[in-house]
Amino acid sequence: MKPLNLIAILLFLSGAVWALTRSERTVREIQASYFSAIAPFLKSGSDTEAYARSFLDEVRHSKVLEAELATVNSEMGRLRIVESRYRELERENAQLRHALDFKKATSFNVAAAQVIRRQPTTWWQTVEIDVGDERGIGTQLAVLSNEGLVGIIDRPAKDRSSVILLTDEACQVSAKVEDSPEVGILSGQRGQFEGTPLLRLKFLSKNAVLRSGQRVFTTGRGGIFQPNILLGTIVSVEKGAEDSEALVRPAVNFADLGTVFVVLSQDPPKK
Amino acid sequence: MTRYTLITVLLVLASFVVQQFLPALTGLHHSRILFVQLVFLCAAVTVGQPTMLLLAFVCGFLWDAQCTLGTHGGDPEIYSQPVESLRFGYSILLFGGMGFLMQGIQPLFKQGKWYFSALLSGISIFLYLAAEYLIITFVRGNFSFATATALQMAYTSVLTMLFSPLIFWMLFTIASLCGHSINPEAAKKRRRHF
């Protein structure tokens, strides 16, 4: 082997080891620099993708109707979330008044966003939305649609953010099943890109008695997701030797994500 | 030679820009054209080993900067079995491996048989995706391999490979403009023929 080639291999391996041993903070800094350098092209790229998508949609709708519909949908989704929150607050308030005569002040603030890119990477189920640092978006904020939980913010940039979808294996959510004491961890399944992906609810009790159609909600435990956000409905239950697992159909139609809402502030999640 | 090397590095950087305009094709099992990988593979066969390794490092580093996910976070008492993320930098080694594979048939390329390299670029992309999938499985456990995943890998490889003649044409043009021959034996043969 030529000495130059040997030196090149050694340098290459040293570089790879250096990269592999970077801390998460350093990696985030590298990513921030990369995305800030490539930002103008990302915007053009997502604009092209959005344009292509809207061109296809235009076959069915006129542009004016589409814009009106998007605005109405956006407003309706926001109001639904606010309404559901108010209902929950009402119930909570009644309970607290009854038990302790105690009134708790809460605030609920969401930022509406549009999905501008779908699945920019090969293996991860992610989307990009058009709000970022500028609108106060940080990491690990819950992202909702008017149907339920969409995912979690992974990497906010200046005017865009990456969202890990609930259908990705890496997005874990502490979940409970309605009318049942069962709680577990819900996550996506690997390699499910086609059709309606099913989620897997793990760590249920060995003899979990669940029926198809029961709804699954967030527990609010774990410090990330607020409680009582709809996740999906039970499809089937698989009994194991030590615990049971359930397949869950997500409440959100991930193939048709348009407007989403990032929860900026809410009651602090339970630890 | 130096000018050509410099331009291949710039070409690889430009491929990251082009990649932003290439979305996943939902109708074809979410396959996509992996333009960065393609440019790297085609360039790898036209340069020496040190330059190939430099390109592999640049590509792997930037690809991971683009794709790496953060950790889940949350209360470890609740999320006691977090899903492992792939370490930043693993792509550097994958790109290096693909580069060595392409350089394995460099003698054929130098004889002017670029189509073997074009074919191998498709195979390399498939192996690259398979290796990535295996690494994910190794790190996270629970081996599962759906037909849709295999089709996604196959369509991605074929779609990407279809563009390799275009990249080789670009590389030949750049080499010619730089006064550098990337397939010297074929050039000698042509000269003898005329």
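Residues numbered from 1 in each chain as written. Chains lettered and ligands numbered in written order. Predicted model: local features only at pLDDT ≥ 70, side-chain atom pairs only at ≥ 80, totals over all residues.

Any chance you could break down the overall build of chain A for me, citing the residues and the numbers?
Of regular secondary structure, chain A possesses three helices and twelve strands. Expressed as a percentage of contacts within chain A between residues at least 6 apart in sequence, the contacts between residues at least 24 apart total 58%. (Helix = DSSP H or I, 4+ residues; strand = E, 2+ residues; numbered from the N terminus. Contact = placed C-beta atoms within 7 Å.)

Explain the domain arrangement of chain A residue by residue, including any values.
All names here are of chain A. Per the domain assignment, the segments making up chain A are domain 1 (3–58) and domain 2 (108–271). With centres defined by C-alpha atoms, the gap from domain 1 to domain 2 works out at 26 Å. Domain 1 puts five residues into the contact, and the matching count from domain 2 is five residues. Looking at the side of domain 1 that touches domain 2 residue by residue, the classes come out as two nonpolar, two polar and one charged. (Domains from an automatic or database assignment. Nonpolar A, V, L, I, M, F, W, Y, C, P; charged D, E, K, R; others polar.)

So what's going on with the sheet that holds strand β8 (residues 199–204) of chain A? Which residues, and what values?
Residue and element names in this part refer to chain A. Reading around the barrel, the six strands line up as β6-β7-β8-β11-β10-β9 and close back on themselves, with antiparallel pairing between neighbours. Between one strand axis and the next, the sheet turns by 40° as a mean value, whatever way the strands run. Summarising the sheet, strand β6 (residues 173–177) and strand β9 (residues 215–218) pair through three bridges and their orientation is antiparallel. The residue of β9 that forms the bridge with V177 is V216. (Pairing = 2+ DSSP bridges. Axes fitted to C-alpha atoms, helices over the stretch in contact; angles between N-to-C directions.)

Tell me about the interface of chain A and chain B, residues and numbers included.
Frequently, the measure chosen for interface size is the accessible area removed from exposure when the parts meet. Counting residues at the interface gives 48 residues for chain A and 47 residues for chain B. For the side of chain A that touches chain B, the secondary structure elements donating two or more residues are α1 (3–20), α2 (24–58), β4 (149–156) and β7 (183–187) of chain A. For the side of chain A that touches chain B, the element with the most residues is α2(A), which contributes twelve residues. Along the lines of polarity and charge, the residues of the side of chain A that touches chain B split into 20 nonpolar, 16 polar and twelve charged.

An account of the pairing of strand β12 (residues 259–265) of chain A is requested, with residue identities and associated values reported.
Residues and elements named next belong to chain A. Sheet topology note: the strand β1 (residues 109–118)/β12 ladder contains six bridges and is antiparallel. Counted as the bridge partner of V110 is V263 from β12. In terms of strand pairing, strand β3 (residues 142–144) meets β12 through two bridges, oriented antiparallel. Bridge assignment links V143 to a residue of β12, and that residue is V262.

Can you explain helix α7 (residues 147–162) of chain B? Please cite residues and give values.
All names here are of chain B. Look at α7: 22 Å from first C-alpha to last across 16 residues, which is about the 22 Å you get at 1.5 Å a residue. Turning to α7, its buried residues number three or more, namely T149, Q152, M153, T156, S157, T160 and M161. Taken end-on, α7 shows its buried residues confined to a sector of 150°, consistent with a single buried face. Lining the buried residues of α7 we find α2 (35–44), α6 (114–140) and α8 (164–177). (Expected span 1.5 Å × (residues − 1). Buried ≥ 20, exposed ≤ 12 C-beta atoms within 10 Å, placed from the backbone. Arc of directions from axis to C-beta.)

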